[in-house]
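# Working through the structure, step by step
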Amino acid sequence: MNSSNDPSYRYEKKYMLQGVSYEAVSSIITSHPAFFKKQHNSRNINNIYFDTFNRQFVNENLDGLSVRTKPSMRWYGPKFGKVVSPKLELKHKKNTLGTKSIYPLEKGCFKLERNFNPNDLAQFILLQDIPNTVQYFLKMLTPVLLNNYSRDYYVSNDNKFRITVDYAINYNSLEVLQSDLLSSSVTPLNYIVIEVKYDEINCDIADNITSFIPFTITKSSKYVTGSFLTNYWGY
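What you see is a predicted model, and the numbers here were worked out from it, not measured in a lab.

## Focus: the overall build of the chain
When helices and strands are tallied, the chain shows six helices and 12 strands. Over its C-alpha trace the chain gives a radius of gyration of 18 Å, about what one expects of a compact globule, namely 18 Å for 235 residues. Of all 235 residues assigned to the chain, the portion counted as buried reaches 46%. Long-range contacts, defined here as pairs at least 24 residues apart, represent 73% of the contacts in the chain between residues at least 6 apart. Working note: accessible area of the chain is about 12,000 Å², and carbon and sulfur atoms make up 51% of it. Counting 27 positive and 21 negative side-chain charges, the chain places the averaged centre of each group 2 Å from the other.

Now the structure itself:
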């Protein structure tokens, strides 16, 4: 089994913006005195989030639980069709710090069809060579939300800080069988998420970065946002 279990925690400061253009955000980042530059090409990112039927992980986030884990399956590229190089991600949160455990899902083949069936994904997960404890954890969960977005990556001149910009964000509920995921997509207008990411060791100089970003740091979770936008619990 190939896996990446990063023991190092890092900070992620988030800004959830509405009514601000992508061009304005890009200009602020590229004119930053830390000389941020594009790290590599933009990516199209897809995530399927898992949760209990009563949305335990949504509630843990809303309640501000200091230590929590959020599981998802991530892949890059097209949203529909054969999923290429998917990975299971367990995002671990400890107060304001976070890290990930990542497990490549290398066995078998999973295709995300417009008429999604959760049983197909469950069978694909069962094939994987991942720890028994993780398999058991996933068996208690169900896929509840799909999201997709574009991401740009920036890095500071000293390589100590990264900024990601997520845009064209859309969501699909997976809680009920959908006859057509494409037609049920929810896309918030003018919705951009900025994340500033840095290692714990650089905490003392982080203000030098965030003080030049003219937005308010927010508690932002795409998973929680998407859950409510797709009518979770009837909201």
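## Regarding the pattern of salt bridges
Here the structure, examined in full by the defined rule, presents eight salt bridges. The partner of E12 in a salt bridge is R10, and the shortest N-O contact between them spans 3.0 Å. Taking relative accessible area as the criterion, R10 reaches 23% and is therefore assigned partly exposed. Across the pair D166 and K222 runs a salt bridge, and its minimum N-O distance is 2.7 Å. Note that D166 is positioned in strand β11 (residues 161–173) and K222 in helix α6 (residues 222–229), a separation of 56 residues in sequence. For the residue pair D166 and K222, the accessibility class agrees, reading buried in each case. Among the charged side chains, a salt-bridge network with shared partners connects R151, D166, E195, K197 and K222.

## Re the packing of aromatic side chains
Evaluation of the coordinates by the stated rule reveals six aromatic pairs. On the basis of an interplanar angle of 50° and a centroid distance of 4.7 Å, the ring pair of Y22 and Y167 is categorised as tilted. With a gap of 145 residues between them, Y22 in helix α1 (residues 22–30) and Y167 in strand β11 connect regions that are remote in the sequence. In this structure Y22 comes out as partly exposed when scored by relative accessible area, which is 23%. Arranged with centres 4.9 Å apart and planes meeting at 25°, the rings of Y49 and Y223 form a pair that is stacked. Of this pair, Y49 sits in strand β4 (residues 43–51) while Y223 sits in helix α6, and the two are 174 residues apart along the sequence. The burial state of Y49 is the same as that of Y223; both residues are buried. Taken together through their ring pairs, the aromatic side chains of Y11, F161 and Y198 make up a single cluster. Stacked on the ring of Y76, the Lys or Arg R43 has its end atom at 4.4 Å from the ring centre. Its end group placed over the ring of Y9, K94 keeps NZ or CZ at 4.6 Å from the ring centre.

## Here we look at the nonpolar core
Membership of the largest hydrophobic core comes to 35 residues, with the highest contact counts inside it found for I48, M73, F110, L112 and L121. Setting aside chain neighbours within four positions, we find M73 in contact with N46, N47, I48, F50, P86, K87, L88, L105, F110, L121 and F124. Core analysis: the second largest hydrophobic core is formed by 19 residues, L97, V165, V196 and Y198 among them.

## Overview of the confidence of the model for the chain
Per-residue pLDDT for the chain has a mean of 91; in total, 94% of the residues score no lower than 70. Summarising per-element confidence for the chain, the mean pLDDT is lowest in strand β1 (residues 4–5) (48) and highest in β4 (97).

## Let's talk about the environment of D166
Note on D166: relative accessible area 0%, which makes it buried. Residues D166 and F137, 29 residues apart in the sequence, show an inter-C-alpha distance of 29 Å. In contact with D166, not counting residues within four places along its chain, are Y149, S150, R151, Y191, I192, V193, E195 and K222. Side chain to side chain, D166 and K222 meet in a polar contact 2.7 Å long.

## Topic: unusual backbone geometry
Its identity is not glycine, yet R55 carries a phi of approximately 55°, on the positive side. R55 gets classed as buried once you look at its relative accessible area, which sits at 0%. The phi angle at N95 is positive, at roughly 60°, despite the residue not being glycine. Structurally, N95 is set in the loop between β7 (87–94) and β8 (97–104).

## Quick notes on α6
Here α6 has its buried residues at K222, Y223, V224, G226 and S227. Looking at the buried positions of α6, the neighbouring elements they touch are β4, α2 (56–62), β5 (67–76), β10 (142–155), β11 and β12 (191–199). N231 sits one or two residues past α6 and shows a positive phi near 75°.

Analysis parameters
- Residues numbered from 1 in each chain as written.
- Predicted model: local features only at pLDDT ≥ 70, side-chain atom pairs only at ≥ 80, totals over all residues.
- Heavy atoms only, no water.
- Helix = DSSP H or I, 4+ residues; strand = E, 2+ residues; numbered from the N terminus.
- Rg over C-alpha atoms; globule rule 2.2 N^0.38 Å.
- Buried < 20%, exposed > 50% of the residue type's maximum accessible area, 1.4 Å probe, protein only.
- Contact = heavy atoms within 4.5 Å.
- Areas by Shrake-Rupley, 256 points an atom, 1.4 Å probe, with all protein chains shown as cover.
- Lys, Arg positive; Asp, Glu negative; His and termini not counted.
- Charge placed at Lys NZ, Arg CZ, Asp CG, Glu CD.
- Salt bridge = Lys/Arg side-chain N within 4 Å of Asp/Glu carboxyl O.
- Phe/Tyr/Trp six-rings, centres within 6.5 Å; stacked < 30°, edge-to-face > 60°.
- Lys NZ or Arg CZ within 6 Å of the ring centre and 35° of its normal.
- Core = buried A, V, L, I, M, F, W, Y, C linked by side-chain atoms within 4.5 Å.
- pLDDT = per-residue confidence, 0-100.
- Polar contact = N/O pair within 3.5 Å; in protein donor to acceptor, adjacent residues only side chain to side chain.

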